[in-house]
Amino acid sequence: MKFSQFTEYLEKLEKTSKRLEMFEILSEMFKKVDKNEVKPIVYFTQEQLLPPFYGLEIGMAESMIKKALMKISKESEKDLQALYKKIGDMGLVAEQTNQNNPSKGLTIGEIYDCLYNTVKISGEGSVEKKTDHIAELLKKCDSKESKYVVRFILGRLRLGIGDPTIMDSMSKAISGDRMALRKDIEKAYNLCSDLGWVGEELFKKGIDGLRSFKAKVGNPIRMAAAERLPSAKEIIGKMGKCAVEKKYDGLRLQCSKDCDKVEIFSRNLERMTPMFPDIVEGIKKQINANTAILEGEAVAYNEETGELFPFQVTITRKRKYDIEEKAKEKPLVLFAFDLLYIDGKDITREAYEDRRKKLVSIIKKGFTIRESERIVTDSPKELDEYFEESIALGSEGIMAKRLDAPYEAGMRNFNWIKLKRSYKGELNDTIDIVPIGYFKGRGMRAKFGIGALLAAVYDEKTDSFKSIAKIGSGLTEDQWVEIRKLLDKNKVEKKPARVDTEIVPDVWTTPKYIFTVMADEITLSPMHNAGKVGEKPGFALRFPRIQGWIRKDKKPEDATTVKEISQMFKMQKRVKAVSFGR
Ligand code: ATP
């Protein structure tokens, strides 16, 4: 597909924020692609050069684009700067500057390769070389192509297309039906975290290619998540005999070992390898397998007392500088709780208990890698006792696990159930929200320019972000200022794509950051759209307050879902009924 043809779709996509329209446009586009260019097209639509786990940042600044534009036009830096100041979009600056340039008809694959090779340039003089490359590329582009190339480089395409919409569109393009292949596409995506690769398999090998899809060492597997239940009794009622593991309060890490090469991924599948040299060493020394993918929770460990440090201490290990010193000062222990791949074989379909046995058998005794502690029981009383004991020893609670369950990548279901301490008058779990805008604030807050966030949760069914609360407490004054600055970077004029709310904040922002929020309870309200169906009111949070800071290990679609909120709402009613009955 010619890049110029692709930009026509981009233009249409830009004009809508409605998911269904986006889906129609993308399905039309996928019908026309050649099977060899599915990968770059998917990456472009995801607004990335490669999936985040490759750790490849485009890392080119506006100043480089300006220099490239100076090379190909007669404009001076001053003129370009003035134009940029006036229209505030470097893509439009490129469009105007390159107004009379004819297109050389590059394909999307050629543009992709050129950008990839440019980003890969490193070492001395790399900034100049990259600028030259971009200038050469823009010389071959007409004005519209230049606009989108520049926006892509700067991460400003802002189409806001979610992965589910891309998956639906590929299913429609191949099978004529939105849902026919959707589950298979998603399953394969969950196993490799690379939608470009999955798309390529689908377009080249058809549905059989997808159905035989296997995890591959080096590619992170999307992490499984847990459901909630309010009591030991309900957990045993649901699962019967199950494993009850300590719920460690640290950082979830997925470690992939391919002989001497170890990679570490975070909850949202970003590459964290350089941050945790002690865990890399631990995996090399203590994991007795050539290839393996295992998961665990990393917690800072106090060697003096044998105690686990609280989360606030563990999180200090997430840093860009002084990594080695900090690793010595606060060594981590990885409590491994699952094994997904071993010696060339994807074992996600095997039962938890079998995977666990294999996991235990490959861990050599040592400091860093240990198996997570657990009991196996069918007694609510024993579960409760273990829960209390775990809390007393610094855990957050317990994770109950179904013994015969496969590892369902990317799924949140009752294969795992979490139970946390419930404080009086509070929900027994926190909620992860994503800001979709903010209010400027009155009184004291007016001086910060922000008084409250408009917060949303994620609706998987419609791939949209639905409002659930206005949140004005929980942050320090400095944090309010900082969050306003961060949100301003993602400020948009109108309601962003995939955002669903009737409330109009003073400033709209595209969904990007996740915050953890505690609230007294979930209530019903006609104000908010989370869970709203026709006349049925939506859900709202009573006395919501932010806890901590941005959850960098989660992406917007990892926010708590409307389905979870609805389950928590029902659970809350059950807990109330029980406590009033006492
Ligand atoms: P989630 O991961 O479910 O989206 P979250 O990040 O807000 O939610 P919690 O709801 O507190 O975290 O619980 C799930 C997390 O608990 C897991 O993602 C994992 O990081 C952590 N965890 C700690 N111990 C275990 C264990 N033994 N088994 C599985 N997960 C564990």
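A.B. asks: What am I meant to see in the pairing of strand β12 (residues 412-420) here?
C.D. replies: Within a regular beta strand, the side chains point alternately toward one face of the sheet and then the other, so they alternate between its two faces. Counting buried positions along β12 yields 7 of 9 residues, so the element is predominantly enclosed. Inspection of the sheet shows strand β1 (residues 225-228) paired to β12 by 4 bridges, in the parallel sense. Each residue of the ladder has a partner; that of A226, found in β12, is N413. In this structure, strand β11 (residues 397-402) lies alongside β12, joined through 5 bridges in antiparallel fashion. When the bridges of β12 are listed, M399 appears paired with K418.

A.B. asks: Hey, could you run me through the side chain of D194 in this one?
C.D. replies: Here D194 is to be found in the loop between α11 (182-192) and α12 (195-211). Buried charge without a salt bridge: D194, with K39 as the nearest opposite-charge side chain at an N-O distance of 5.1 Å. Setting aside chain neighbours within four positions, we find D194 in contact with Y43, P51, F53, Y54, Y189 and N219.

A.B. asks: Looking at this structure, I do not really get the domain arrangement of the chain. What am I missing?
C.D. replies: Often the size quoted for an interface is simply the accessible area lost on bringing the parts together. Per the domain assignment, the segments of the chain are domain 1 (225-419) and domain 2 (431-579). When each unit is reduced to the centre of its C-alpha atoms, the spacing between domain 1 and domain 2 is 29 Å. The largest share of the area that domain 1 buries against domain 2 comes from R228, R267 and N268, three residues that together contribute 49% of it. When the shortest N-O distance is used, the salt bridge between E564 and R228 registers 2.8 Å. On inspection of domain 1 and its partner domain 2, the count reaches 4 residue pairs in polar contact (both at pLDDT 80 or more). Of all the secondary structure elements, the ones that give two or more residues to the side of domain 1 that touches domain 2 are β1 and β12.

A.B. asks: I'm lost on the side chain of T516 in this one. Help?
C.D. replies: Relative to the elements of secondary structure, T516 occurs in strand β19 (residues 515-518). Engagement of the side chain of T516 in a polar contact is seen with the side chain of D432, the distance being 2.8 Å. Contact partners of T516, with chain neighbours within four places excluded, come to T430, I431, D432, R545, I546, Q547 and R551.

A.B. asks: How should I be thinking about the environment of S464 in this particular structure?
C.D. replies: Within the secondary structure, S464 is located in strand β15 (residues 464-471). The buried category is assigned to S464, whose relative accessible area is 8%. Here T462 takes part through its side chain, which lies 2.7 Å from a polar atom of the side chain of S464.

A.B. asks: Would you explain the pairing of strand β14 (residues 452-459) in this entry?
C.D. replies: Across the 8 residues that make up β14, a large majority, 8, are buried. Here strand β13 (residues 431-439) runs beside β14; their pairing, made up of 5 bridges, is antiparallel. Across the sheet, F439 pairs through a bridge with A452, a residue of β14. Bridge count for β14 against β15 is 7 bridges, and the pairing is antiparallel. Opposite L453, over in β15, you have I471 as the bridge partner.

A.B. asks: How should I be thinking about the sheet that holds strand β10 (residues 374-377) in this particular structure?
C.D. replies: Spatially, 5 strands are ordered β1-β12-β11-β2-β10 in an open sheet, and the strand pairing comes out mixed. Where the open sheet ends on each side, the last strands, each with one partner, are β1 and β10. This sheet shows a mean twist of 35° between the axes of neighbouring strands, independent of strand direction. Strands β2 (242-247), β10, β11 and β12 of the sheet are contacted by helix α13 (residues 232-239), whose axis makes an angle of about 160° with β12.

Conventions adopted
- Residues numbered from 1 in each chain as written.
- Predicted model: local features only at pLDDT ≥ 70, side-chain atom pairs only at ≥ 80, totals over all residues.
- Heavy atoms only, no water.
- Buried < 20%, exposed > 50% of the residue type's maximum accessible area, 1.4 Å probe, protein only.
- Helix = DSSP H or I, 4+ residues; strand = E, 2+ residues; numbered from the N terminus.
- Pairing = 2+ DSSP bridges.
- Lys, Arg positive; Asp, Glu negative; His and termini not counted.
- Salt bridge = Lys/Arg side-chain N within 4 Å of Asp/Glu carboxyl O.
- Contact = heavy atoms within 4.5 Å.
- Domains from an automatic or database assignment.
- Buried area = accessible area lost by both parts, 1.4 Å probe.
- Polar contact = N/O pair within 3.5 Å; in protein donor to acceptor, adjacent residues only side chain to side chain.
- Axes fitted to C-alpha atoms, helices over the stretch in contact; angles between N-to-C directions.

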